[in-house]
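# Report on the structure
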Amino acid sequence: MAMKKFTLELSPVVGYTERTRVNIRESDVTLAIAKDFSTAGERLTSRCAHNCNKPIVRVPHKTPDLEYWVGVFVGIMNRAYEKIHKPLVLNGAGNGTYTLGESQQEADAFALSFLQRALESPDRKFEIAEVRSGGQTGYDVAIVKAAISLGIPARIHCARASGVYGYYMIRTADGFDKAYDRASYLEEVGIHEAD
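What you see as residue numbers is a count from 1 along each chain, following the sequence as written. Restriction of local features to residues with pLDDT of at least 70 applies here, the model being predicted, together with a cutoff of 80 or more for giving and counting side-chain atom pairs; totals for whole chains, interfaces and linings are based on all residues. The basis for the side-chain values is all heavy atoms of the structure; hydrogens and waters are excluded.

## A short note on the packing of aromatic side chains
Aromatic pairs are defined between Phe, Tyr and Trp rings, using the six-membered ring for Trp, whenever the two ring centres lie within 6.5 Å; interplanar angles under 30 degrees are classed as stacked, those over 60 as edge-to-face, and all others as tilted. A complete count under the given rule lists 6 aromatic pairs for this structure. Look at Phe-110 and Tyr-139: their rings are 6.2 Å apart centre to centre, the planes differ by 80°, and that puts the pair in the edge-to-face class. Separated by 29 residues along the polypeptide, Phe-110 in helix H5 (residues 104-120) and Tyr-139 in helix H6 (residues 139-149) bring together distant segments of the chain. For the pair Phe-110 and Tyr-139, a shared accessibility class is recorded, and that class is buried. On the numbers, 5.4 Å between centres and 25° between planes, the contact of Tyr-168 with Tyr-185 is stacked. With Tyr-168 in strand S7 (residues 168-171) and Tyr-185 in helix H7 (residues 182-189), the pair connects residues that are 17 residues apart, well separated along the chain. Exposure is judged per residue with a 1.4 Å probe applied to protein chains only, and the accessible area is read against the type maximum: over 50% gives exposed, under 20% gives buried, and values in between give partly exposed. Residue classification places Tyr-168 among the buried residues on the basis of a relative accessible area of 8%. According to the relative accessible area criterion, Tyr-185 is buried, its value standing at 0%. Under the scheme used here, helices are H or I runs from DSSP no shorter than 4 residues and strands are E runs no shorter than 2 residues, and both carry numbers assigned from the N terminus.

Right, dumping it as structure tokens:
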């Protein structure tokens, strides 16, 4: 996936909590796609959205009711757009591959299908200025990749690893937190520098 209007930035604070708060605070709506909404990460996302008084749309992973959930998402995005009268910043969140138990490619395909259907909805009134996320495996990255594919500016505000200055931290498919430099991080999540 080549970058188009893509920004990768590192949280100044170690760990996932502050990174999650920043992504929600700097967005207008959060889209969380998950198989398990009871994980610590999903509970944190929900709590931060509530504390920031920001809407969150929680969509079941690979739901058979895709059109219903697209409609819910479009409705919430329309209301946010009508409230602030400018293109929205969407925060992408959800389960990582270690929780999904599936490949990154499956999350990528579902996120792209979901966002594309939302943008093609005849009921859509909103515009998206940017899609951002915390840059974890699974749906964080999948929603950013979907934005890039659809020509929407995207930003990853990633957790900082402890003990290794300037390194990005993600929890990989084996469930362990690992630190990566910029090039290795982009390779791990499947986003490649544009030529």
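## A closer look at the packing of helix H1 (residues 16-25) against helix H2 (residues 40-51)
Running from amino to carboxyl end, H1 crosses H2 at an angle of 45°, the nearest separation of the two axes being 9 Å. With respect to their mutual orientation, H1 and H2 come out oblique. When the axes of H1 and H2 are compared, the crossing they make is right-handed. Contacts between H1 and H2 involve Tyr-16, Thr-17, Thr-20, Arg-21 and Ile-24 from the former and Leu-44, Thr-45, Cys-48 and Ala-49 from the latter. Axis definition: a line fit to C-alpha positions, over the contact stretch in the case of helices; interaxial angles, taken between N-to-C directions, run 0 to 180 degrees. Angles are sorted into four bins: roughly parallel if under 35 degrees, roughly antiparallel if over 145, roughly perpendicular if 65 to 115, and oblique for all others. The hand of a helix crossing depends on one turn: near helix anticlockwise from the far one by less than a right angle means left-handed, and clockwise means right-handed. Contacts are residue-level and defined by heavy atoms, with any inter-residue pair within 4.5 Å sufficient.

## Points about the pairing of strand S2 (residues 29-34)
The element S2 is extensively covered by neighbouring structure, given that 6 of its 6 residues are classed as buried. Every second residue of S2 is oriented toward a common face, with Val-29, Leu-31 and Ile-33 on one face and Thr-30, Ala-32 and Ala-34 on the other, all of them buried. Relative to strand S4 (residues 88-94), S2 is paired through 5 bridges, and the arrangement is parallel. Paired with Val-29 across the bridge in S4 is Leu-90. Pairing between strands requires that DSSP locate at least two bridges from one strand to the other. Of the pairings in the sheet, the one linking S2 to strand S3 (residues 56-60) comprises 5 bridges and is parallel in character.

## A short note on the nonpolar core
Within this scheme, the nonpolar core is defined by two criteria: the residues are buried Ala, Val, Leu, Ile, Met, Phe, Trp, Tyr or Cys, and they are joined through side-chain atoms within 4.5 Å. Residues Phe-6, Leu-31, Phe-73, Tyr-139 and Tyr-185 are the most contacted members of the largest nonpolar core, which totals 47 residues. In this structure, Tyr-139 is in contact with Ile-33, His-61, Lys-62, Ala-93, Gly-94, Asn-95, Leu-100, Ala-107, Phe-110 and Ala-111, ignoring residues within four places of it in sequence.

## Quick look at the pairing of strand S8 (residues 177-180)
Regular strands show a simple pattern: their side chains alternate between the two faces of the sheet. Pairing between S7 and S8: 4 bridges, direction antiparallel. Of the residues in S8, the one forming a bridge with Tyr-168 is Tyr-180.

## A short note on the environment of Pro-64
Positionally, Pro-64 belongs in the loop between S3 and helix H3 (66-84). Sequence spacing of Pro-64 and Glu-18 is 46 residues, and the spatial spacing of their C-alpha atoms is 34 Å.

## Let's talk about the layout of surface pockets
The method works on a 1 Å grid over the protein atoms by themselves. A cavity is a set of points holding a 1.4 Å probe that cannot get out, a pocket is an open set with protein on both sides within 12 Å along at least five of seven lines, and residues with an atom within 4 Å of a point line them. Grid points are joined across faces, edges and corners, and a volume is the space filled by probe spheres set on the points. For the largest pocket, the calculated volume is near 400 Å³. What lines the largest pocket is a set of 24 residues, among which Arg-19, Gly-41, Glu-42, Tyr-98 and Gln-136 lie closest to the centre. Of all elements in the fold, only H1, H2, S4 and helix H4 (97-100) reach the threshold of two or more residues within the lining of the largest pocket. If you tally residues by element for the lining of the largest pocket, the top one is H1, at 6 residues. In this model, the second largest pocket occupies a volume close to 160 Å³. Taken together, Asp-28, Asn-53, Lys-54, Pro-55, Ile-76, Arg-79, Ala-80, Lys-83 and Ile-84 form the lining of the second largest pocket. Amino acids outside the nonpolar list (Ala, Val, Leu, Ile, Met, Phe, Trp, Tyr, Cys, Pro) and the charged list (Asp, Glu, Lys, Arg) are all regarded as polar, and Gly is one of them. Partitioned by chemical class, the residues of the lining of the second largest pocket number 4 nonpolar, 1 polar and 4 charged.

## A few points about the state of the cysteines
Here, the term disulfide refers to a pair of cysteine sulfur atoms separated by no more than 2.5 Å. On inspection of all chains with the given rule, the structure shows 0 disulfides. No disulfide involves Cys-48; its sulfur sits 6.3 Å from that of Cys-52, the nearest cysteine. The class of Cys-48 is buried, set by a relative accessible area of 5%. Taking relative accessible area as the criterion, Cys-52 reaches 30% and is therefore assigned partly exposed.

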